Amino acid sequence: MRSAGVCVGYCPRPMATLEVEHVFNCSEATFWDRVFLDPEYNERLFKTELKFPVWREVKKEERDGVLHRWVEVVPYVGELPAALKAVVGEGVGYEERGLLDRAAKSYRVEVIPNRMAEKISVKVEMTTTPEGENRCRRRARAEATAKIFGIGGMLEKRLLADLEKSYQKSADFTNRFVAEKSL
C-alpha cells in the first residue's frame, strides 16, 4: 500500500527496461524474411555465436497475417552470483512465444521460464525502420520483472545485461551474415 509517498507492506518496484538499437546492412524485408527467419542464420547465431546449449524452433504457424513462433531455449548463462544461483539453480531455460507482424515490421516476444514462471516475466518488442538504401535500424525494448524477495532487482539487472550483450553480438553477427550471403 502506498500512502503519501511512503510504502507500507509489499511495494512493487518499477519494472526494469532495456532499449537498444542497431543498424543492419540490409533492407527491412531482407532482415525479416531472409535473415531473422532463416534456419541457418538462427542455428549459427544461437549455437555458435551466443553458445546456447539449446535453441530449437518448436512450432511456427501463420494466422491472420501474423506468424506465431514458439522456440525452446537454454541460454549460456555463465557464472551467477551465489544468491541468484541458489534461487534459479542449474539448467535455466525458457520458451519464447513470438508474434511476427510483417506489416508492422515488429516481433513481440513473451519469455516463459522453465522455473518460477509465476515470478519472472520478460517481454521484448523488436521493430525495424528503413535507414537509407539497403539498411535498416532494429530497435529492441525489453521489460523484465522478477518478483522474488531480496534478489528480484539483481535478477532483473542480470537478465537485461545478458540480453544487451546478446543483442550486440547478434547485431555484429547479422551484418557478417548479410555480407557473407550477399543479401
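This text follows the structure it describes.
The structure reproduced in this document is the subject of the present report. Quick caveat, the model's predicted, so the values are computed rather than measured.

About the criteria used
- Residues numbered from 1 in each chain as written.
- Predicted model: local features only at pLDDT ≥ 70, side-chain atom pairs only at ≥ 80, totals over all residues.
- Heavy atoms only, no water.
- Disulfide = S-S within 2.5 Å.
- Pairing = 2+ DSSP bridges.
- Helix = DSSP H or I, 4+ residues; strand = E, 2+ residues; numbered from the N terminus.
- Axes fitted to C-alpha atoms, helices over the stretch in contact; angles between N-to-C directions.
- Contact = heavy atoms within 4.5 Å.
- Phe/Tyr/Trp six-rings, centres within 6.5 Å; stacked < 30°, edge-to-face > 60°.
- Lys NZ or Arg CZ within 6 Å of the ring centre and 35° of its normal.
- Buried < 20%, exposed > 50% of the residue type's maximum accessible area, 1.4 Å probe, protein only.
- Polar contact = N/O pair within 3.5 Å; in protein donor to acceptor, adjacent residues only side chain to side chain.
- Core = buried A, V, L, I, M, F, W, Y, C linked by side-chain atoms within 4.5 Å.

## Overview of the state of the cysteines
Next, step 1: Using the criterion set out here, one finds zero disulfides in the structure.
Next, step 2: Summary of cysteine pairing: cysteine 26 is not part of a disulfide, and the nearest cysteine sulfur, belonging to cysteine 136, is at 4.6 Å.

## Comments concerning the sheet that holds strand β5 (residues 66–74)
Next, step 1: Across the sheet, seven strands lie side by side as β3-β9-β8-β7-β6-β5-β4; this open sheet has antiparallel pairing. Edge strands, defined here as strands with exactly one partner in the open sheet, are β3 (16–24) and β4 (54–63). Along the sheet, successive strands turn relative to each other by an average axial angle of 15 degrees, direction set aside.
Next, step 2: Direction of pairing for β5 relative to strand β6 (residues 94–101): antiparallel, over a ladder of eight bridges. Directly across from valine 73, in β6, lies its bridge partner tyrosine 94.
Next, step 3: Packed on one face of the sheet, helix α4 (residues 152–181) meets β3, β8 (120–130) and β9 (136–146) and runs near 5 degrees to β3.

## Notes on the packing of aromatic side chains
Next, step 1: One pass over the structure, following the stated rule, counts 10 aromatic pairs.
Next, step 2: A centroid spacing of 5.2 Å and a plane angle of 70 degrees characterise the contact between tyrosine 41 and phenylalanine 177, whose relative ring orientation is edge-to-face. Placement of the pair is tyrosine 41 in helix α2 (residues 39–49) and phenylalanine 177 in helix α4, with a sequence separation of 136 residues.
Next, step 3: Arranged with centres 4.8 Å apart and planes meeting at 5 degrees, the rings of phenylalanine 46 and tryptophan 55 form a pair that is stacked.
Next, step 4: Connected via pairs of aromatic rings, a cluster forms that spans Phe24, Phe31, Trp32, Phe36 and Tyr107.
Next, step 5: Across from the ring centre of tryptophan 70, 5.1 Å away, lies the NZ or CZ of lysine 59, which sits over that ring.

## A word on the side chain of asparagine 42
Next, step 1: Relative to the elements of secondary structure, asparagine 42 occurs in helix α2.
Next, step 2: For asparagine 42, a relative accessible area of 4% translates into the label buried.
Next, step 3: Separated by 3.0 Å, the side chain of asparagine 42 and the backbone oxygen of aspartate 38 make a polar contact.
Next, step 4: For asparagine 42, the contacting residues outside a window of four places in its chain are Val35, Phe36, Leu37, Lys47, Trp55 and Arg69.

## Points about the nonpolar core
Next, step 1: With 37 residues, the main nonpolar core has Phe31, Val124 and Met126 as its most contacted residues.
Next, step 2: For this core, the leading source of residues is α4, giving seven residues.
Next, step 3: Dropping the residues within four chain positions of it, valine 124 is found in contact with Tyr107, Arg108, Val109, Arg141, Ala142, Leu163 and Tyr167.
Next, step 4: If you look at the next biggest cluster of nonpolar residues, it comprises five residues, including Ile120, Ala146, Ile151 and Leu155.

## Overview of the pairing of β3
Next, step 1: Side-chain alternation along β3 places Ala16, Leu18, Val20, His22 and Phe24 on a buried face and Thr17, Glu19, Glu21 and Val23 on a face that remains uncovered.
Next, step 2: Across nine bridges, β3 lies against β9 in antiparallel orientation. Across the sheet, glutamate 19 pairs through a bridge with arginine 141, a residue of β9.

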